[in-house]
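Chain and residue survey
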Amino acid sequence: MITNRVKKEIDNDWEVQSKRMVQISKDACKGCGICIALCPVKILEFSGELNNKGFRFPRITNEEKCTKCENCMIYCPDFAIVVSKNAK
Ligand code: SF4
Ligand code: SF4
């Protein structure tokens with residue numbers, strides 16, 4: 001169950017990145033690496049930080065190369081990535 005505090009943290013997390021094409025909720029991530037493995041242009045990698053659960057989470061290295069294929073969003077088991085096709 002998501003408490004109000006957790007929901008607020010998640011909302012803030014998304015809001016900070018709202019202008020990005022690929023938005024990653026670091027605290028929703030469990031560090032499985034599926035998104036990194038399935039990105040066809042290999043622009044996702046683990047950051048050097050840990051999230052609030054102690055997992056490494058991905059970061060995008062070169063957003064300009066993103067093809068907007070949505071693999072990362074579709075296959076993330078924790079719904080931690082959103083690809084905004086209309087982002088500039
Ligand atoms: S949308 Fe596709 S190309 Fe862009 S980061 Fe995700 S998997 Fe990689
Ligand atoms: S697929 Fe989702 S849970 Fe797995 S590393 Fe990527 S963002 Fe985290």
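As shown above, the structure is provided for reference.
Predicted model, so just to flag it, every value in this text is computed and none were measured. (Residues numbered from 1 in each chain as written. Chains lettered and ligands numbered in written order. Predicted model: local features only at pLDDT ≥ 70, side-chain atom pairs only at ≥ 80, totals over all residues.)

1. Some details on the overall build of the protein chain
To keep things clear, this is the line we draw: Each helix is a run of DSSP H or I of at least 4 residues and each strand a run of E of at least 2, with the numbering of both proceeding from the N terminus. Exposure criterion: with C-beta atoms placed from backbone coordinates, a residue whose C-beta has 20 or more other C-beta atoms within 10 Å is buried, one with 12 or fewer is exposed, and one in between is partly exposed. Note on contacts: each residue gets a C-beta atom placed from the backbone, and two residues are in contact if those atoms are within 7 Å.
When its secondary structure is counted, the protein chain shows three helices and four strands. Starting at the N terminus and walking to the C terminus, you meet the elements of the protein chain as α-β-α-β-β-α-β. Looking at the 88 residues of the protein chain, the share that counts as buried comes to 20%. The long-range share in the protein chain, meaning contacts at least 24 apart out of those at least 6 apart in sequence, stands at 58%.

2. What about the nonpolar core?
Quick note on the threshold: Think of a nonpolar core as buried Ala, Val, Leu, Ile, Met, Phe, Trp, Tyr and Cys residues chained together by C-beta atoms that fall within 7 Å.
Of all hydrophobic cores here, the largest spans 14 residues; its most connected members are Val22, Ile24, Cys35, Cys72, Ala80 and Ile81. Listing elements by their share of this core, those giving two or more residues are β1 (22-24) and β3 (56-60). Excluding anything up to four places from it in sequence, Ala80 contacts Ile24, Ser25, Ala28 and Cys29.

3. Thoughts on unusual backbone geometry
At Lys68, a residue that is not glycine, the phi angle is positive and equals roughly 60°. When you line up the elements, Lys68 lands in the loop between β3 and α3 (71-75). Although it is not a glycine, Phe79 sits at a positive phi angle of roughly 55°. Within the secondary structure, Phe79 sits in the loop between α3 and β4 (81-83). Using a count of 9 C-beta atoms within 10 Å as the deciding quantity, one classes Phe79 as exposed.

4. Focus on the site of ligand 2
We apply this condition: Using a C-beta atom placed from the backbone for every residue, we mark a residue as near a molecule or strand if that atom lies within 6 Å of it. Any residue that is not Ala, Val, Leu, Ile, Met, Phe, Trp, Tyr, Cys, Pro, Asp, Glu, Lys or Arg is counted as polar, Gly included; the first ten are nonpolar and the last four charged.
Close to ligand 2 lie 14 residues; Cys29, Cys32, Ile34, Cys35 and Cys76 are nearest. Those elements that provide at least two residues to the shell around ligand 2 are α2 (34-38) and β3. In terms of residue class, the shell around ligand 2 is made up of ten nonpolar, two polar and two charged.

5. So, the pairing of β3
Looking down a regular strand, the side chains alternate between one sheet face and the other. Formally: Pairing between two strands is assigned when DSSP locates at least 2 bridges connecting them.
Inspection of the sheet shows strand β2 (residues 44-50) paired to β3 by four bridges, in the antiparallel sense. The residue of β3 that forms the bridge with Glu45 is Arg59. In sequence, β2 turns back onto β3 through a hairpin of five residues, with Gly54 there showing a positive phi of about 90°.

6. What to know about the site of ligand 1
Taken together, 15 residues are adjacent to ligand 1, and Cys39, Cys66, Cys69, Asn71 and Cys72 come closest. Here the residues of the shell around ligand 1 sort into eleven nonpolar, two polar and two charged.

7. Some thoughts on the environment of Pro40
When you line up the elements, Pro40 lands in the loop between α2 and β2. Classification of Pro40 as exposed rests on a count of 11 C-beta atoms within 10 Å. Sequence separation of Pro40 and Thr67 is 27 residues, and the distance between their C-alpha atoms is 8.5 Å. Excluding residues that lie within four positions of it along the chain, Pro40 makes contacts with Thr67, Cys69 and Asn71.

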